[in-house]
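# Residue-level structure breakdown
Spelled out from the first residue to the last, the chains are:
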Amino acid sequence: MTDVPAGLPRGSEDPASALYLTETLVDIAERPNFLARLSGDEYRRVRDVGHDIAVSAHQHVFAQGDPHDGIFVIESGSVRTFYHGPSGRELTLAYWTPGHFVGGPEIFGGGYHMWSATAMTDSRLLHLRGASLQRLMAEMPGLAAGLVEGLVFKGKCYSALVQMLGTRSVLQRLAQLLLTLCELDGAPIQEGILIDRTLTHEELANMVGATRQWVTASLDRFQKQSLLEIRERKLVVLDRHRLERIADC
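Criteria and thresholds
Residues numbered from 1 in each chain as written. Predicted model: local features only at pLDDT ≥ 70, side-chain atom pairs only at ≥ 80, totals over all residues. Heavy atoms only, no water. Pairing = 2+ DSSP bridges. Helix = DSSP H or I, 4+ residues; strand = E, 2+ residues; numbered from the N terminus. Axes fitted to C-alpha atoms, helices over the stretch in contact; angles between N-to-C directions. Contact = heavy atoms within 4.5 Å. Salt bridge = Lys/Arg side-chain N within 4 Å of Asp/Glu carboxyl O. Buried < 20%, exposed > 50% of the residue type's maximum accessible area, 1.4 Å probe, protein only. 1 Å grid on protein atoms, 1.4 Å probe; cavity = no way out; pocket = protein on both sides within 12 Å on 5 of 7 lines; lining within 4 Å. Points joined across faces, edges and corners; volume = space filled by probe spheres on them.

## A word on the sheet that holds strand E4 (residues 79–84)
- Reading across the sheet, the 4 strands line up as E2-E7-E4-E5 and stay open at both edges, with antiparallel pairing between neighbours. In this open sheet, the two edge strands, each paired with only one partner strand, are strand E2 (60–62) and strand E5 (90–96). Adjacent strand axes in the sheet meet at a mean angle of 30 degrees, parallel and antiparallel pairs treated alike.
- Pairing geometry for E4 and strand E7 (residues 116–119), over 4 bridges, is antiparallel. Each residue of the ladder has a partner; that of Thr 81, found in E7, is Ala 117.
- Here helix H4 (residues 141–167) sits on the sheet and contacts E4 and E5; the angle it forms with E5, its principal contact strand, is near 145 degrees.
- Against the sheet, helix H6 (residues 201–208) contacts E4 and E5, and its axis sits at roughly 100 degrees relative to E5.

As C-alpha cells, this is what we get:
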C-alpha cells in the first residue's frame, strides 16, 4: 500500500504558490490543500481508488472539449490551465501547484472540459474518477469539506480574473501581475525586488490578455523608464511604488 507522500495531508513542501491574475494579494497567498483534512488511513483509501499519472513537461493533462471524468490532484510539479479561443489566442487561467486539483468544474464527471490543462514541469498527478469521488465524499466529511474549499478558491481565482479583464487596461493588468509576482516570488536585493520565477514574454502575455509583441514592447518601455531590469531572464522591479501607481491609475 502506498504511504502518504510528504506534503499532501500535511501541506505541500513545494515553495511555489499558485499564480493567477488578481488585485487581491491576500487571496492568492492562500494555499488550500483539499486532502489536508484526511487522516493517513483516509488518504490511503483515496489513493486506492485513484490512478497515478506521470505527465512530462508541456504535455496535456486534458484538452478543451475532452469528456469530463473526474479531477486530477497535483502531487508534484506545476500545471497551467488555459482557454483556447476561436481566433487561436490563449488566455491563461492559472498556474496550479501541489495540493490543488484541476479538472473542474464538473468534479463528478459529465459534460466536456471548458478549457485545457498542460504540465509546465514533469508532474505527478492522481486521477480520481467522478463516481469514486462522489462515493468517497459521502463517507468522508473531511474530503467533502476540502473539495468545497478547493472550489471556493477556484471561484475566487476566476472571479478575480474576470474583474481584472473587465475593469483594468492591459497596461494596468501587466503592472498588477508584476506586483503579484513581487509578492509571491520577490526577493529583496540592493536595487529593488528580484522576481525569482521565470516567465517568458508569451507566458506573461497569455496571463494579461495581450500579444507577446505588446508585452516585449511594454517591458522595454518599463526598462527605459527605470521601472525594472531584465537579468538572466528574470525581472528586477526597481521602483515598486511607480508600478503601483500604474496599476491603480
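After that view of the structure, there is still more to cover.
## What to know about the pattern of salt bridges
- What the rule picks out here adds up to 16 salt bridges.
- Here Asp 185 and Arg 197 are joined by a salt bridge, their closest N and O atoms 2.7 Å apart. With Asp 185 in helix H5 (residues 170–185) and Arg 197 in the loop between strand E10 (193–195) and H6, this pair connects stretches of sequence that are 12 residues apart.
- Residue classification places Asp 185 among the buried positions, given a relative accessible area of 14%.
- Connected via shared salt-bridge partners are Arg 47, Asp 52, Glu 75 and Arg 124.

## Remarks on empty space enclosed by the protein
- Within this structure, the stated rule accounts for 2 cavities of 30 Å³ or more.
- For the second largest cavity, the full set of lining residues is Leu 181, Ile 195, Arg 197, Leu 199, Leu 204, Arg 233, Lys 234 and Leu 235.

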